Structure formats: C-alpha cells, structure tokens
Amino acid sequence: MLRRELFQTVLRLLAFFNGFEFKSVLHPLKLESDSNNDLKKNGVESSNKAQMDNLSNSDENYDLGYQPSPTSIDQNDQSTTGTPGYSTLSDPIDDHSCCSEASPSHWPATRSGAQIQAVLTRLGTKQRKSNADEKLDDLESLDLELEMMKERFAKLLLGEDMSGSGKGVCTAVTISNSITNLYATVFGQNLRLEPLNPEEKALWKREMDCLLSVCDFIVEFTPTKSQNLSNGTAVEIMESRTRSDIYINLPALRKLDAMLIEILDSFQDREFWYAEQGSMSSNSTRTGSFRRVVQRNDEKWWVPVPCVPPSGLSEKARKHLRHKRDCANQIHKASMAINSSVLAEMEIPDSYMASLPKSGRASIGDPTYRSMYTTEKFSPDHLLDCLKITSEHEALELADRVEASLYTWRRKACMSHSKSSWGMVKDLMSDVDRSDKNHILAERAGSLLFALKQRYPELAQTSLDTCKIQYNRDVGQAILESYSRVLEGLAFNIVAWIEDVFFVDRTIRNQE
C-alpha cells in the first residue's frame, strides 16, 4: 500500500511539471476471494520488482495511443508470482479507497509510469512546438497585413500615381477605385450560387473595414446646449458627431452587405450544380449539358451553366430559391436607392454643364420631343414601349440624351440669372414658374429617365454619373457611392443566377 501511494505521488509530480491533469493509472483490485489476502510478502515484492522492470522495458517500444487488450490482461492474471499481474498490486479494499469498480474487465486500459512519462514528455514537446509554430504564423500574417497596409497607405497618399510627380487623382477617387477593385478581386470570379472561400471572405471584411474606417473621422459640429457666461453672454456648446448622410446610409449598407454574404452562405447544400462552359459536371453523371436550353447565356460563354436532377428540383429547394431571390431583389432596390440619392447630392462638374447642347430638342430627337411636349398626360412607360429599345447599348444612349436634355431645359428655365453653375440652378429651381415650357419638359425628362432606369436595372452608369464620380472631392460621398454600387451589382447578379436555375428547372420539368 505504501509503495503504491509513493508511486502515485511521483506520477502526480511528473504530471504537474508537464502541465497535464493527472489521472490515476493504478486501480486497487477487489479480490475475488479472501485467500488472496494471505499473499506472502516476498511474492508481492518480487512481483512489484518484475513489473517495474517490465515497465522500463516497455517504454522503449511504447507507441502513442497503444492500449493493452483485455486478452493479454487475462493471460497475465493467470500467473501469481512469475508474471506481474493486476493481483500482485492489489490490496484489500478499505473505506477510504478512491475507486469502487467491481470487475477488472470494466476498467479502462492502464498505462505504466514510464509509459505515462514518455507520453507526457512527447506531448509536452509537441505542444510547445505547436505554440511556437502558431506564434510564428501569427507574426508572418501580421507582417503580411502590415505590408498590405503600407501599400494601401502609399497609394492613398500618391493618388495612384506611382511616379510621385503629384499628378495622381484625389483621395475621394482613390478610395472609390479601391472599393471597386476590391469587389472585382473578391467577387469577380464568383459566378455561382455558393459560399465564398474563407480567405476571400476574410479579405473582403478586412479590407472593407479598413476603407470604411475613414468615415469614423468624417464629422460635423452641432450645437448641443447653451451656456451663459459670467458677463451674461450666451454661448452654444458644439460637439462633433458623424455626418448625417454617413450616419444614415453606412449602417444600412453594412447590413445589406452582411445579408448578401448570408445569402451566398445558404447555398452550401444545394440540389443543383454547375457545368463549366456547357460541359457535363465532373461530380455527377445524372444528366448532361444544359447549354442548349439556357439560351440567354450564349452571349456570356464564361458563365457556368446550372444543372438540375432529371426530375427537377424539389419543392423545398424551389421555396428556398424563391425566398433568397426576393431577399436579393429587395437588397438590390435598397442599394440602388442609396446610390441614386448619393449621386443626386453630388455637385455637377462645370465641365459637364459646359458640354451640354444648346437645344434639348436636338439632343433628344424630334419624335421623342413631340411625344413629351404635345401630350397632355405624359406616360413615360408608353413612350418607352413606342421607342422599341432592343439592346442595352440603345438604352444607355437614350439615357445619356435624356439626361443632357433634362439639364439643358433646367438651365434655360433659370436663364435670367447670370451664373450657370449647378449649385445656383438648384437653388433657383424653386422660384421658377412651374407653367414654363422648359420646366415642364425638364420634369417629364426626369420621369422618363427614372422609368428607363427602372426598366433596365442593369444599365451602366450614364455620362453624368461617371463625370460626377470622376470630379467628386467629397470622401464620404465617394465611399457611400462606391459601396452602394458594388452591393447593387452583387445583388443583381444573385437574382440573375437564381433565375438561371429556375429557367433550367422549368425547362426540365416541361420536357417531362
């Protein structure tokens, strides 16, 4: 009994210095008969000595994770003096015993002290090595992020002019380009309904947090309370807060961003798959190419073709797709509304105003002009139906001409004033007679432009929008505009990808 307690104390000390929790490996046995209590002292001592020798020899051939089988244990138990077994280390069970297990067959496999020492030594070494490797990896990743931050900071200061000659763009344009390029890097190759790679998701979050952190320092001063001085003078105490447009729009954009990532993550387990360039999917042989049925993707040969099972999608999968499509559609509308409001608040460059045509009628064309001016109840949707636009290029060209005519008529409505800058025009529009011909044409041109953008949501930026972004100097507006623009594009792509899956599913079910 004294030897066992001494041995367990040594093991506890070894476990303590190696940082592991000690678990007793020596279990007192409950003797099957009282005759075993009469073992001779020399037999016990010789058995203990033989077992210790066996433990030291087994340390050399010890392999991590080895556990003795019950068969070998039973064989050892048959010997009382020659081979060390469990009974040689047994003592009568007393009331203070820490173990109350009835049968050796239910005990966990035990390991000797030398074996445990080897385990602790090896595990301790590996653990210290693993911690060192983790610290080294953390330092390397930190160095990479630091180098990346240096590069971003340098491009920001140089205005993307690596020559350093001072011919770079302004800070607002640099940040806008950075957000656009980051979107192209992360989502440019993602043409499927599937979750982003962890590396790409981490890159998007880390870089966007860095670019959007600028907004934390764009503030405005507002009076909070008034205070009377000792001489009776009343003064107002000002405090800084986030600028109102950033305070309203930036949290909304962050929420929309998270919702779009969540939509992509929801397609981890899906019933459809994709075939590259019309070929059969490599991980399935249930059906062949669907390029013949997805005709609208023929012009975009680089877009993967969705494939569905021969029987089509299940009702659960179609319900999930409809729900995600509705969510993405709402996100697209919200992003487009924020983008339009930010662009509307940007100042129109003087260069654009100087390039406007002298006549709005010549810019928009006689047929469109007569439809806009001679009709008492103007319907922009009816006019768009009559124009029979057949391509996106025609729609964009019409949008540029309508927008140019819009600001031409607005400028003519304020022609009595000497200054023609957009700020002056915007201030004086409220004083213009609303029965004026130019004012009526400007309002109808605005409604036609809005209906055109609603009918063609994938329409590219107009010449005015591009000019505003190029000459914009407001950093806050540049961040909101670029952020909302990339989210608008991602939401539109998700809706289009879901529609592709529905198109293939309907085609397969109709063929059946």
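Because the structure is predicted, anything quoted here is derived from the model rather than measured.

1. Comments concerning the overall build of the chain
Secondary structure summary: the chain contains 17 helices and 4 strands in total. Once local pairs closer than 6 in sequence are excluded, the contacts in the chain between residues at least 24 apart make up 75%.

2. Some words on unusual backbone geometry
Only a minority of non-glycine residues have a phi that is not negative, and only a minority of peptide bonds are not trans. Positive phi values are uncommon outside glycine, yet lysine 388 reaches one of about 55 degrees. Relative to the elements of secondary structure, lysine 388 occurs in the loop between α12 (380-387) and α13 (392-413). Residue classification places lysine 388 among the exposed residues on the basis of a relative accessible area of 64%.

3. Remarks on the packing of helix α6 (residues 198-212) against helix α17 (residues 475-511)
Helix-helix packing is characterised by the crossing angle of the two axes and by the distance between the axes. Remark: α6 packs on α17, axes separated minimally by 11 Å, with the N-to-C direction vectors making an angle of 155 degrees. By the angle class used here, α6 and α17 are roughly antiparallel. Our pair here, α6 against α17, has a crossing hand that is left-handed. Between α6 and α17, the residues in contact are Trp204, Met208, Leu211 and Leu212 and Ile479, Tyr483 and Val486, respectively. Considered class by class, the residues forming the contact of α6 with α17 number 7 nonpolar, no polar and no charged.

4. Some details on a negative patch on the surface
Together, Asp133, Glu134, Asp137, Asp138, Glu140 and Asp143 make up a region of like negative charge exposed at the surface. Looking at the element boundaries, aspartate 138 is found in helix α4 (residues 113-158).

5. Quick word on the pattern of salt bridges
Following the criterion strictly, the structure yields 19 salt bridges and no others. A salt bridge links aspartate 265 to lysine 201, with the nearest nitrogen and oxygen atoms 3.1 Å apart. Here aspartate 265 is found in helix α7 (residues 244-265), whereas its partner lysine 201 is found in helix α6, with 64 residues between them in sequence. Its relative accessible area of 30% is what places lysine 201 among the partly exposed residues. One salt bridge connects arginine 243 with aspartate 245, and the closest N-O pair in it is separated by 2.9 Å. Arginine 243 sits in the buried class, given a relative accessible area of 18%.

6. Some words on the packing of helix α5 (residues 171-187) against α17
Running from N to C, α5 and α17 cross one another at 20 degrees; their axes reach a closest spacing of 8 Å. The angle between the axes of α5 and α17 places the two elements in the roughly parallel class. Both α5 and α17 take part in a crossing whose hand is right-handed. Between α5, through Thr171, Ala172, Ile175, Ser176, Ile179, Thr180, Tyr183 and Phe187, and α17, the contact on the second element is made entirely by Val475, Ala478, Ile479, Glu481, Ser482, Tyr483, Arg485, Val486, Gly489, Leu490 and Asn493. Residues that form the contact of α5 with α17 fall into these classes: 11 nonpolar, 6 polar and 2 charged.

7. A few points about the confidence of the model for the chain
Confidence in the prediction for the chain averages 74 pLDDT; 65% of positions are at 70 or higher. The least confident element of the chain, judged by mean pLDDT, is helix α3 (residues 70-77) at 42; the most confident is α7 at 96. Low confidence marks residues 55-111, where pLDDT is under 50. Its contacts with residues over four positions away, or in another chain, come to 74 contacts. Taken together, the stretch residues 278-297 has pLDDT below 50 and engages in 42 contacts with residues farther than four places along the chain or on a different chain.

8. Quick notes on the nonpolar core
Counting residues in each nonpolar core, the largest one holds 56 residues, and the members touching the most others are Phe187, Leu193, Trp204, Phe272, Leu321, Tyr483 and Ile494. When residues of this core are traced back to their parent elements, those giving at least two are α5, α6, α7, α8 (315-345) and α17. By residue number, the principal contributor to this core is α17, which donates 17 residues. Among the nonpolar cores identified, the runner-up in size contains 30 residues, and Leu356, Ile389, Ala451 and Leu464 belong to it.

9. With respect to a nonpolar patch on the surface
On the surface, Val219, Phe221 and Met238 cluster together into a nonpolar patch covering about 300 Å² of accessible area. Counting through the fold element by element, methionine 238 comes out in strand β2 (residues 234-242). Among the residues examined, methionine 238 registers a relative accessible area of 42% and is labelled partly exposed.

Basis of the calculations
- Residues numbered from 1 in each chain as written.
- Predicted model: local features only at pLDDT ≥ 70, side-chain atom pairs only at ≥ 80, totals over all residues.
- Heavy atoms only, no water.
- Helix = DSSP H or I, 4+ residues; strand = E, 2+ residues; numbered from the N terminus.
- Contact = heavy atoms within 4.5 Å.
- Buried < 20%, exposed > 50% of the residue type's maximum accessible area, 1.4 Å probe, protein only.
- Axes fitted to C-alpha atoms, helices over the stretch in contact; angles between N-to-C directions.
- Parallel < 35°, antiparallel > 145°, perpendicular 65-115°, else oblique.
- Left-handed = near helix turned anticlockwise from the far one by under 90°.
- Nonpolar A, V, L, I, M, F, W, Y, C, P; charged D, E, K, R; others polar.
- Patch = residues over 30% accessible without salt bridge, like charges linked within 9 Å, V, L, I, M, F, W, Y side chains within 5 Å.
- Areas by Shrake-Rupley, 256 points an atom, 1.4 Å probe, with all protein chains shown as cover.
- Salt bridge = Lys/Arg side-chain N within 4 Å of Asp/Glu carboxyl O.
- Lys, Arg positive; Asp, Glu negative; His and termini not counted.
- Charge placed at Lys NZ, Arg CZ, Asp CG, Glu CD.
- pLDDT = per-residue confidence, 0-100.
- Core = buried A, V, L, I, M, F, W, Y, C linked by side-chain atoms within 4.5 Å.

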